[in-house]
Amino acid sequence: MKKQGYYLLFTLILLIFTSSCSSDISTNLDKDNFQKYFSAATVKIYQREQDILTRHQFIGLAEGQDCQEKAYHAKPSKINARTQARQHAFEKQANGIVFTGCAELSSEQLAQLSQSSDAQQCHALIICYGKAYFIEVEASTDNEE
């Protein structure tokens with residue numbers, strides 16, 4: 001009888017636990033999230049257009065930014081802004097980017113640009129700009145003898 005009581009208690013707890021869980025569980029373990037996270041890694045950085053040795057086509061401009069929301073938050077990072085620009089280039093079907101520059105705006109400079117919504121939300125901001133390219137990849141040939 002004691003064994004049946006434990007079995008009944010276990011079943012009841014299991015039912016309560018499973019009924020309390022929502023069927024609409026949202027996690028970041030989603031294919032789209034993985035693709036977006038790793039998309040920047042597929043966009044190669046070139047120092048200048050002349051460094052692209054294969055056929056290529058200019059797709060458009062790509063920009064990224066990193067915002068310091070409050071004075072006590074971490075300062076904006078050029079690396080994060082460039083990564084976001086690479087993700088933006090990937091969304092345009094690019095696989096290469098040439099950065100043309102980054103600009104850092106302080107809270108004083110942002111206050112002067114009051115018409116910009118980003119300026120109003122950030123204590124400091126770094127914006128990086130680049131040219132996005134589709135670069136043809138040469139087919140490698142394996143010479144097996």
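Keep in mind that this is a model prediction, so the values were computed, not measured.

J.: What am I meant to see in the pairing of strand S4 (residues 124-135) here?
T.: If a strand is regular, its side chains alternate between the two faces of the sheet. In terms of residue burial, S4 counts as a mostly covered element, since nine of its 12 residues are buried. As paired elements, strand S2 (residues 56-68) and S4 share 12 bridges and run antiparallel to each other. In the sheet register, Glu63 faces S4, and the bridge partner there is Tyr129. One ladder, built from nine bridges, connects strand S3 (residues 96-105) with S4; its direction is antiparallel. The residue of S4 that forms the bridge with Gly101 is Tyr129.

J.: Looking at this structure, I do not really get the state of the cysteines. What am I missing?
T.: Each disulfide is one covalent bond, formed between the sulfur atoms of two cysteines. Across all of its chains, the model carries two disulfides by this definition. Disulfide partner of Cys67: Cys122, at an S-S distance of 2.0 Å. Taking the sign of the torsion about the S-S bond as the criterion, the disulfide between Cys67 and Cys122, at about -125 degrees, is left-handed. Placement of Cys67 in strand S2 and of Cys122 in the loop between helix H5 (117-121) and S4 is noted, with a sequence separation of 55 residues between them. Owing to a relative accessible area of 28%, Cys67 belongs among the partly exposed residues under this scheme. Across the disulfide, Cys102 is cross-linked to Cys128 (sulfur-sulfur distance 2.0 Å). Every disulfide takes its handedness from the sign of the S-S torsion; for Cys102 and Cys128 that torsion is 110 degrees, giving right-handed. Of this pair, Cys102 sits in strand S3 while Cys128 is found in strand S4, placing the two residues 26 residues apart along the sequence. Judged by its relative accessible area of 0%, Cys128 is buried. Here the bonded cysteines of the protein chain are numbered in sequence order, and their pairing is 1-3, 2-4.

The rules behind these values
Residues numbered from 1 in each chain as written. Predicted model: local features only at pLDDT ≥ 70, side-chain atom pairs only at ≥ 80, totals over all residues. Heavy atoms only, no water. Buried < 20%, exposed > 50% of the residue type's maximum accessible area, 1.4 Å probe, protein only. Helix = DSSP H or I, 4+ residues; strand = E, 2+ residues; numbered from the N terminus. Pairing = 2+ DSSP bridges. Disulfide = S-S within 2.5 Å.

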